[in-house]
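# Examination of the molecular architecture
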Amino acid sequence: MTEPIIRIENVHFAYNAQSENPIVALTDINLEVMPGEYLVIVGHNGSGKSTLAKHLNALLLPTQGDVWVNGMNTKNGAHTLTIRSTVGMVFQIPDNQIVATVVEEDVAFGPANLGVPEDELRERIDWALDVVDMQNFRHRAPHLLSAGQKQRVAIAGAMALKPQVLILDESTSMLDPAGREEVLSAVRRLNQAGTTIIAITHYMHEAVEGDRIVVMEAARTVTQGSPREVFSQVEELRALQLDVPQVTELSYALHQRDETFPPNLLTVEEIVAEIIRRKELEVAT
Amino acid sequence: MKDTHQAQPFIQVNDLHHVYLRGTPLEVTALKGVTLEIYEGESIGIIGRTGAGKSTIVQHFNGLLRARQPGKVILEGQDMSDPSVKVKAIRQKVGLVFQHPEQQLFERLVGDDIAFGPKRLGLSREERRERVRWAMEMVGLDFERFKDRFTFSLSGGEMRKAAIAGVLALQPKVLILDESTTGVDPRGRKDLLARILELHRHHGMTLIFVSPNMEEVASMVDRVYVIDDGRTAMSGTTREIFDRPDDLRQYGLGVPQVTTIAHQLREHSLPITRTPLTVAEAAEDVWKILNS
Ligand SMILES: Nc1ncnc2c1ncn2[C@@H]1O[C@H](COP(=O)(O)OP(=O)(O)OP(=O)(O)O)[C@@H](O)[C@H]1O
Ligand SMILES: Nc1ncnc2c1ncn2[C@@H]1O[C@H](COP(=O)(O)OP(=O)(O)OP(=O)(O)O)[C@@H](O)[C@H]1O
Ligand SMILES: [Mg+2]
Ligand SMILES: [Mg+2]
């Protein structure tokens, strides 16, 4: 049997744990991620998503419980470097990730630190800049780019690490629709080639990309399942006040007017086909 | 809606150019001819692909960047290239929420940060407190829970909300949101946008809305400008703009999912006449078709 690439066991975490006012950010988290899985994490602001993500590459250590990456406990400092080369992360605020004054050096920083040889380094930078469509900006200063351009550079930097696990913390949030589609399809390709993906997002049409969605609420994981399972709980999602894709919202609105209309369609193709099928049936009878 | 009785637009931009790092080897021409006008009380969307120049444009609206030849920015009748224009007075009227919230927050405590603007407006202690409370309520940050938190220790979305609250606390006549709801969760976004629309509709606040989220743009604004490569590429009512999906795609943009559904149904010869912009509109239109 395959081992999970990430195992989170009874994790509890508080910021300022020693102080009078600790801020509890994770409570009782148990989660396993299998190699090659595409996991999506959704949840409200402050629910603990970024805190959880930072536990996966040893940026934060649990106050209680354990996180294992490829069988290595993140608490064991001897493993930290290996863990960071296994789990690459694109941070929520791309500015915090900029380390160099030239885009291509910024992208090279991570892999160079891991000792990737010069030839391969060149290849990786080229490849990563291509993926995010930033070749023309390779000699520019990263802090003098537009917000979406910075975000692309941050994504390229993490991809150039070629990590086994790629974490994207709201990493497409400032991209235009075409750019978002490009990055998502690049992520999909990486995933098909075996990279484990963990994506945090507020956009439900991105969440449907995943094999599994985990919903966090107030420091806990409250529900999980395939996108169809999760989004078919429209009432529950309403109660949590999470979004559903517009398609699903429309399909639910039509279901409320006519019970025979399916309530949980996920894609434009599905709903268009359903409407046309109904019109054709009507014509036939 | 555009009030055609107003003789003069509140903001008028004519052939605006902008060059960053002018005269250095790193010179970047960000704007190459932007023309637009915004009337008082309107809600305007500015959309365009990454790097198109949106943030550069809106920074001209509160004097952070100044126009120079050949372009012109006229704000309430004042030529912004005139160095004698009082930027301070303009910033009290035109509130700009930056795209990067961390560039907006500079006090240690959340409450102090949001109180900063009202303090400069000369409000009393009591009035300031009320303003802060009101602004935090608007963005959905609990006053008691967050007022004494360190700004740097907020989650990404909480930081966004604090930045927006800081600008709302000025109660500006014109509110510019530069992708400011990015990272705010769906519940918070829905509530926040509804409250902002309320300020726009019932209190006459002019709204300038930059967003990569076409669904949000469609539900928020009356008119849209599309910017591409530093120029005005398209302009029209929101429905007119989203009725041209092929042109939008050419500029790296898209349309709301419900609009795509309507376009595809039309291709199958189903009679969807208007282009729906929201789920409610689409439900109505599809229901009509299913029952005709
Ligand atoms: N401070 C700066 N120095 C140099 N060039 C800059 C600076 N800020 C922006 N630019 C460049 O100017 C152009 C326009 O940038 P701007 O930030 O206005 O784009 P935008 O439309 O807001 O993009 P985004 O959707 O990514 O926020 C881009 O090519 C960008 O790289
Ligand atoms: N450095 C910090 N110090 C103290 N508290 C923090 C710190 N970072 C985050 N928190 C708090 O911990 C909780 C979880 O934060 P986290 O950043 O994990 O949320 P999130 O789910 O990623 O939210 P968002 O959607 O806003 O990014 C929040 O209540 C937040 O205010
Ligand atoms: Mg976060
Ligand atoms: Mg911008």
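Because the structure is a prediction, the values reported are computed rather than measured. Each chain has its residues counted from 1, following the order in which its sequence is written. Each chain takes a letter, starting from A, and each ligand takes a number, starting from 1, following the order in which they are written. It should be noted that, the model being predicted, local features are given only for residues of pLDDT at least 70 and side-chain atom pairs only at 80 or more, the latter also being counted only at that level, while totals for whole chains, interfaces and linings use all residues.

## Some remarks on the overall build of chain B
A run of H or I in DSSP counts as a helix once it spans at least four residues, and a run of E counts as a strand once it spans at least two, with each numbered from the N terminus. The number of helices and strands found in chain B is 12 helices and 10 strands. Relative to a compact globule of 292 residues, whose C-alpha radius of gyration would be 19 Å, chain B shows 20 Å and is just as compact. By principal-axis analysis of the C-alpha atoms, chain B measures approximately 60 × 50 × 45 Å. For the purpose of contact definition, each residue receives a C-beta atom placed from its backbone, and two residues are in contact when these atoms lie within 7 Å. Expressed as a percentage of contacts within chain B between residues at least 6 apart in sequence, the contacts between residues at least 24 apart total 63%. Every radius of gyration here is taken over C-alpha atoms, with the globule rule written as 2.2 Å times N^0.38, N being the number of residues.

## Re the overall build of chain A
Each helix and strand counted, chain A has 11 helices and 10 strands in total. In terms of overall dimensions, chain A is globule-like: its C-alpha atoms have a radius of gyration of 21 Å, near the 19 Å expected for 285 residues. Taken over the C-alpha atoms alone, chain A extends approximately 70 × 50 × 40 Å along its principal axes. Across the 285 residues that make up chain A, the buried fraction comes to 47%. Across chain A, every contact between residues at least 6 apart in sequence was considered, and the portion connecting residues at least 24 apart equals 61%. Around each residue's C-beta, the other C-beta atoms within 10 Å are counted; 20 or more make the residue buried, 12 or fewer make it exposed, and counts in between make it partly exposed. All C-beta atoms are placed from the backbone.

## Overview of the sheet that holds strand S1 (residues 6-15) of chain A
Residue and element names in this part refer to chain A. Strands are labelled as partners when DSSP assigns at least two bridges between them. The strand order S2-S1-S4-S5 describes an open sheet built from 4 strands, whose pairing is antiparallel. Two strands in the sheet have a free side with no partner beyond their single neighbour: strand S2 (23-33) and strand S5 (72-73). Sheet topology note: the strand S4 (residues 64-69)/S5 ladder contains 2 bridges and is antiparallel. Bridge assignment links Val-69 to a residue of S5, and that residue is Met-72.

## Considerations on the packing of helix H3 (residues 110-120) of chain B against helix H4 (residues 125-139) of chain B
Residue and element names in this part refer to chain B. Inter-axis angles, ranging from 0 to 180 degrees, are taken between N-to-C directions of lines fitted to C-alpha atoms, where helices are fitted over the stretch in contact. The contact between H3 and H4 brings their axes to 9 Å, and the two run at 120°. As summarised for this structure, H3 and H4 are arranged oblique, according to the angle between their axes. By crossing handedness, the relation of H3 to H4 is classed as right-handed. Taking contact as the criterion, the partners of Gly-111, Ile-114, Ala-115, Pro-118 and Lys-119 in H3 are, on H4, Arg-128, Arg-131, Val-132, Ala-135 and Met-136. When residues are sorted by character, Ala, Val, Leu, Ile, Met, Phe, Trp, Tyr, Cys and Pro go into the nonpolar class, Asp, Glu, Lys and Arg into the charged class, and all the rest, Gly among them, into the polar class. Here the residues of the contact of H3 with H4 are counted per class, giving 6 nonpolar, 1 polar and 3 charged. Each angle receives one of four descriptions, namely roughly parallel if under 35 degrees, roughly antiparallel if over 145, roughly perpendicular if within 65 to 115, and oblique otherwise. For a crossing to be left-handed, the near helix must be turned anticlockwise from the far one by less than a right angle; the clockwise case is right-handed.

## Section: unusual backbone geometry
Residue and element names in this part refer to chain A. The phi torsion at Asn-70 lies on the positive side, around 50°, for a residue other than glycine. As for its placement among the helices and strands, Asn-70 is situated in the loop between S4 and S5. Using a count of 17 C-beta atoms within 10 Å as the deciding quantity, one classes Asn-70 as partly exposed.

## Examining the site of ligand 2
For each residue, a C-beta atom is placed from the backbone, and the residue counts as near a molecule or strand when that atom lies within 6 Å of it. By nearness alone, 19 residues border ligand 2, and Ser50(A), Thr51(A), Ser153(B), Ser155(B) and Gly157(B) come closest of all. Neighbouring residues of ligand 2 are not confined to one chain but are distributed across chains A and B. Mapped onto the shell around ligand 2, the elements with two or more residues apiece are S2 and helix H1 (49-55) of chain A together with helix H6 (156-168) of chain B. When its residues are assigned to classes, the shell around ligand 2 shows 4 nonpolar, 12 polar and 3 charged.

## Some thoughts on the site of ligand 1
Near ligand 1, the surroundings consist of 20 residues, among which Ser146(A), Gly148(A), Tyr20(B), Ser55(B) and Thr56(B) are the closest. More than a single chain frames ligand 1: its nearby residues are located in chains A and B. Counting only elements with at least two residues in the shell around ligand 1, the list comes to helix H5 (147-160) of chain A together with strand S2 (28-38) and helix H1 (54-58) of chain B. Residues of the shell around ligand 1, tallied by class, amount to 9 nonpolar, 10 polar and 1 charged.

## What about the interface of chain A and chain B?
Listed per partner, the contact involves 42 residues of chain A and 43 residues of chain B. Listing elements by their share of the side of chain A that touches chain B, those giving two or more residues are H5, helix H6 (177-192), helix H10 (246-257) and helix H11 (268-284) of chain A. Tallied by class, residues from the side of chain A that touches chain B come to 20 nonpolar, 14 polar and 8 charged.

## Details of helix H12 (residues 279-290) of chain B
Expected helix span is computed as 1.5 Å times (number of residues minus one). For H12(B), which comprises 12 residues, the first-to-last C-alpha distance of 16 Å matches the rise-based estimate of 16 Å (1.5 Å per residue) to within 8%. Three or more residues of H12(B) are buried, namely Val279(B), Ala282(B), Ala283(B), Asp285(B) and Val286(B). Looking at the buried side of H12(B), the elements it contacts are H10 and H11 of chain A together with helix H11 (257-267) of chain B.

## Side note on the environment of Ser19(A)
Mapped onto the secondary structure, Ser19(A) falls in the loop between S1 and S2. Each C-alpha atom of the pair Ser19(A) and Ala239(A) lies 34 Å from the other, and the pair is 220 residues apart in sequence.

## So, the sheet that holds strand S7 (residues 165-169) of chain A
Residue and element names in this part refer to chain A. Strands sit in the order S6-S7-S8-S3-S9-S10 across an open sheet of 6 strands; the sheet is mixed. One side of each edge strand has no neighbouring strand; the edge strands of this open sheet are strand S6 (87-90) and strand S10 (220-225). The average angle at which neighbouring strand axes cross in this sheet is 20°, direction not considered. As judged from the 5 bridges shared by S7 and strand S8 (residues 196-200), these two strands associate in the parallel manner. Bridge pairing in S8 links Leu-166 to Ile-197. Across the face of the sheet, H5 comes into contact with S6 and S7 while running at roughly 175° to S6.

## As for H11(B)
Gln257(B), Val258(B), Thr259(B), Ile261(B), Ala262(B) and Leu265(B) are the residues of H11(B) that are buried. The positive-phi residue at the C-terminal boundary of H11(B) is Ser269(B), with phi of around 65°.

## Overview of the nonpolar core
We call a set of buried Ala, Val, Leu, Ile, Met, Phe, Trp, Tyr and Cys residues a nonpolar core when their C-beta atoms link them within 7 Å. If you look at the biggest cluster of nonpolar residues, it comprises 72 residues, and the most contacted ones within it are Ile46(B), Ile114(B), Ala162(B), Ala165(B), Ile176(B), Ile208(B) and Phe209(B). With 7 residues, the single largest contributor to this core is H6(B). Apart from the residues within four sequence positions on either side, Ala162(B) is in contact with Leu105(B), Val110(B), Asp113(B), Ile114(B), Leu141(B), Thr151(B) and Leu154(B). If you look at the next biggest cluster of nonpolar residues, it comprises 70 residues, including Leu39(A), Val90(A), Ala158(A) and Val165(A).

## Comments concerning the confidence of the model for chain B
A residue's pLDDT is the confidence the predictor assigns to it, expressed on a 0 to 100 scale. The predicted model of chain B has a mean per-residue pLDDT of 93, with 98% of residues at 70 or higher. Scoring of the predicted complex yields 0.93 for pTM and 0.90 for ipTM.

## Focus on the pairing of strand S6 (residues 94-97) of chain B
All names here are of chain B. Judged by which residues are buried, S6 turns out to be covered on both faces: Val-94 and Leu-96 on one side and Gly-95 and Val-97 on the other are all buried. Sheet analysis places S6 next to strand S7 (residues 174-178), joined by 4 bridges and oriented parallel. Paired with Val-97 across the two strands is Leu-177, which belongs to S7.

## Quick word on the environment of Ala194(B)
Secondary-structure assignment places Ala194(B) in helix H7 (residues 186-203). Spatially, the C-alpha atom of Ala194(B) lies 21 Å from that of Lys93(B), the residues being 101 residues apart in sequence.

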